Amino acid sequence: MAMVRVEAVVDLPAQRVWAAVADVGAVHLRLLPGRVADARVEGDVRILTMPDGHQVHELVLGVDDDLRRMAYTVVEGQRLPLTYHHAAFQVFDEGDRSRLVWLTDVLPHAMADAVRARVERGIVEMKATLERTEAE
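The rules behind these values
Residues numbered from 1 in each chain as written. Predicted model: local features only at pLDDT ≥ 70, side-chain atom pairs only at ≥ 80, totals over all residues. Heavy atoms only, no water. Helix = DSSP H or I, 4+ residues; strand = E, 2+ residues; numbered from the N terminus. Pairing = 2+ DSSP bridges. Axes fitted to C-alpha atoms, helices over the stretch in contact; angles between N-to-C directions. Buried < 20%, exposed > 50% of the residue type's maximum accessible area, 1.4 Å probe, protein only. Arc of directions from axis to C-beta. 1 Å grid on protein atoms, 1.4 Å probe; cavity = no way out; pocket = protein on both sides within 12 Å on 5 of 7 lines; lining within 4 Å. Points joined across faces, edges and corners; volume = space filled by probe spheres on them. Nonpolar A, V, L, I, M, F, W, Y, C, P; charged D, E, K, R; others polar.

With that settled, the discussion passes to unusual backbone geometry. In this chain, Leu107 is followed by Pro108 through a cis amide linkage whose omega measures 0 degrees. The topology assignment puts Pro108 in the loop between β7 (97–107) and α3 (112–135).

Shown next as structure tokens:
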């Protein structure tokens, strides 16, 4: 299984970054506005609506406040030809800043580069959104 790891240092305390990550129903507002048009949670499933109307269903596997870790798996609507997708975010203290880590496991292995390109863009957008929101 291919694993993709990306991370960003965010100029905010870890608790603030974690609050945004843990708010799974507000990813479209707090982390990826513009990339995700809407989000809603039905039971353990987060349904993301993209700007073009396409929907992605993610099973939220866990939100752990003590570890500051949120894990999910895409169960429907994946646009890439993946047979397996599991991801987790974790937030670590870095003094007055924090480190946001995004790990994604994917199959087939050959799709790792395509996934890496997407999550690298995504984490840059998340960092910018978090820091911009704090500055406003």
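Turning our eyes to something else, we now look at the pairing of strand β6 (residues 84–94). Where strand β5 (residues 69–76) meets β6, five bridges bridge the pair, whose relative direction is antiparallel. Within β6, the position partnered with Met70 by the bridge is Phe89. When β6 meets β7, the two strands line up antiparallel, connected through 11 bridges. The partner of His86 across the bridge, within β7, is Asp105. Linking β6 back to β7 in an antiparallel pair, the connection comprises two residues, with Gly95 at a positive phi of about 70 degrees.

Sheets are built from strands that pair by backbone hydrogen bonding, the pairs being arranged parallel or antiparallel. Spatial strand order, β1-β7-β6-β5-β4-β3-β2: seven strands in an open sheet with antiparallel pairing. Either end of the sheet is taken by a strand with one partner, and the two such strands are β1 (2–10) and β2 (38–42). Here the strands of the sheet are splayed against their neighbours by 25 degrees on average, with no regard to which way each runs. Note that β1 and β7 share nine bridges and pair antiparallel. Looking at the pairing, Val6 lines up with Trp102 of β7.

This next bit is on helix α1 (residues 14–22). All of the buried residues along α1 are Ala14, Val17, Trp18, Ala20 and Val21. The buried side chains of α1 occupy one side of the element, clustering within an arc of 160 degrees when seen end-on.

Looking at the largest pocket, its volume works out to about 610 Å³. Lining the largest pocket we find 31 residues, and of these Arg35, Leu48, Met50, Glu58 and Arg118 sit closest to its centre. Top element by residues in the lining of the largest pocket is α3. It accounts for five residues. Tallied by class, the residues present in the lining of the largest pocket amount to 19 nonpolar, five polar and seven charged.

It is worth stressing that arrangement in space is one thing and function is another; only the former is reported here.
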